[in-house]
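# Structural features, examined
Chain by chain, the residues:
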Amino acid sequence: MTPPVSDNAATIKQIIHLAAVLKAPRITESAARLADHARDSGWTHETYLAAVLEREVAARDASGARLRIRAAGMPAAKTLDDFDFDHQPTARGPIQALASGAYLTEHRNVVLLGPPGTGKTHLATALGVAACHQGHRVLFATATEWVARLSEAHDRGRLATELTRLRRYGLIIVDEVGYLPFEQDAANLFFQLVSSRYEHASLILTSNLPFSSWGTVFGDQFVAAAMIDRIVHHADVIALKGASYRLRDRGLETLPSIKAELENLD
Ligand code: ADP
Ligand code: MG
């Protein structure tokens, strides 16, 4: 039985009021529109209610993800869809498996290794964006920036508090491990970050250096070995290969000086 139109108008007004009280603005927008559609299509009451609520939840998820992506401080908006896996065929399978985000609930890590321009930052960012869509809070910074942040917290006597706060982020991305070698204090701070997240929350690290060279980065083979041990105990290590994507099709990789440089990095 369809109530008279005037009753409908009053009911819609009441729904708009109730939606405002619930702070659910999409219900205001969709209730009347979907009611017409529901009548035309012979929906049950349950189907109508589910459709209205679904619009609200979808919009909240999307705006939540947008906020998380903005708060993460990622350098550029990169996604897995933008990534040309034909250029990195061996990464396709492992990265697609990670895209579901199961590694985040298992507190596993991801390490992306490879020469400059092979897409490490792109993939780390794209996995970060995916994590934001899956409801995780994410923070992105370079290794140098992380050390500066931790060092500041340490100087204020707040390192432990900061590490605890960071554990509330399901994913921390550390880009460019090894671009600059660390002083001993910096290496120790970085070690504490890795230890504090071990088996509690995920890290994605990128580096242009193989693990065998991390001793030089951290100034100490033992610190590096202990750190690598914690990082890779539960991790997917993905090695990207080949020439820089930035230089593709330019013929630059065939220049003798650049070719030699790329070969040394492999
Ligand atoms: P890295 O961090 O390994 O030095 P980047 O991720 O910064 O490399 O990649 C350099 C540039 O090339 C970026 O603009 C990135 O989006 C792009 N790029 C790299 N690899 C690919 C790829 N396979 N498909 C699409 N774009 C790529
Ligand atoms: Mg990079």
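About the cut-offs
- Residues numbered from 1 in each chain as written.
- Chains lettered and ligands numbered in written order.
- Predicted model: local features only at pLDDT ≥ 70, side-chain atom pairs only at ≥ 80, totals over all residues.
- UniProt positions renumbered as here; feature names shortened; annotations may be inferred.
- Helix = DSSP H or I, 4+ residues; strand = E, 2+ residues; numbered from the N terminus.
- Pairing = 2+ DSSP bridges.
- Axes fitted to C-alpha atoms, helices over the stretch in contact; angles between N-to-C directions.
- Near = placed C-beta within 6 Å.
- Nonpolar A, V, L, I, M, F, W, Y, C, P; charged D, E, K, R; others polar.
- Left-handed = near helix turned anticlockwise from the far one by under 90°.
- Contact = placed C-beta atoms within 7 Å.
- Core = buried A, V, L, I, M, F, W, Y, C linked by C-beta atoms within 7 Å.
- Buried ≥ 20, exposed ≤ 12 C-beta atoms within 10 Å, placed from the backbone.
- Expected span 1.5 Å × (residues − 1).

### Describing the UniProt feature "domain: AAA+ ATPase" (unreviewed entry) in the chain
- UniProt feature "domain: AAA+ ATPase" (unreviewed entry): in the numbering of this structure it lies at residues 106–239.
- Here residues 106–239 runs as 50% helix and 21% strand, with 22 Å between its end C-alpha atoms.

### A closer look at the sheet that holds strand β1 (residues 109–113)
- With respect to topology, 5 strands assemble into an open sheet ordered β2-β3-β4-β1-β5, the strand pairing being parallel. Whereas interior strands pair on both sides, the edge strands pair on one side only; in this sheet they are β2 (138–142) and β5 (235–239). Averaged over all pairs of adjacent strands, the angle between their axes in this sheet comes to 10°, without regard to strand direction.
- Summarising the sheet, β1 and β5 pair through 5 bridges and their orientation is parallel.

### Structural notes on unusual backbone geometry
- In the Ramachandran plot, His107 falls in the positive-phi region, its phi being about 60° despite a non-glycine side chain.
- Following the sequence through the fold, His107 ends up in the loop between α5 (102–105) and β1.
- Of note in this structure, Glu199 is not a glycine but carries a positive phi near 65°.
- Residue placement: Glu199 occurs in the loop between α9 (184–197) and β4 (202–207).

### Considering the site of ligand 1
- Around ligand 1, the structure places 16 residues, and the nearest of them are Asp84, Gly119, Thr121, His122 and Tyr245.
- Class assignment of the residues belonging to the shell around ligand 1 gives a composition of 3 nonpolar, 8 polar and 5 charged.

### Notes on the packing of helix α2 (residues 25–41) against helix α3 (residues 45–72)
- Two numbers describe how α2 lies on α3: the axes approach to 9 Å, and their chain directions differ by 145°. Along this stretch, α2 crosses α3, giving a crossing that reads as right-handed. Where α2 approaches α3, its residues Arg26, Ile27, Ser30, Ala31, Leu34, Ala35 and Ala38 are matched on the opposing element by Tyr48, Ala51, Val52, Arg55, Glu56 and Ala59.
- Residue composition of the contact of α2 with α3, grouped by class: 9 nonpolar, 1 polar and 3 charged.

### A closer look at the nonpolar core
- Core analysis: the largest hydrophobic core is formed by 48 residues, its most contacted members being Leu112, Leu127, Val147, Ile173, Val174, Phe190 and Ile204.
- At 8 residues, the largest contribution of residues to this core is made by helix α6 (residues 120–133).
- Setting aside anything within four residues of it in sequence, one finds Ile173 in contact with Ala124, Gly128, Val138, Phe140 and Ile204.
- The next biggest cluster of nonpolar side chains, apart from the first, holds 5 residues, and it includes Ala24, Ile27, Ala31 and Val52.

### So, the pairing of β1
- With respect to burial, β1 is a largely interior element, 5 of its 5 residues being buried.
- With burial as the criterion, each face of β1 is covered, one bearing Asn109, Val111 and Leu113 and the other bearing Val110 and Leu112.
- With 4 bridges joining them, β1 and β4 adopt parallel strand pairing. The residue bridging Val110 from the neighbouring strand is Ile204, located in β4.

### Some points on the environment of Leu123
- Looking at the element boundaries, Leu123 is found in helix α6.
- In the structure, Leu123 is positioned 40 residues away from Phe83 in sequence and 7.7 Å away in space, judged by C-alpha atoms.
- Other than its neighbours up to four places away in sequence, Leu123 contacts Phe83, Ile95 and Leu112.

### What to know about α6
- Compared with an ideal rise of 1.5 Å per residue, which puts 14 residues at 20 Å, α6 spans 20 Å between its outermost C-alpha atoms and is within 8% of the ideal.
- In terms of residue burial, α6 counts as a mostly covered element, since 13 of its 14 residues are buried.
- Two residues or fewer past α6, Gly135 is found with a positive phi of approximately 95°.

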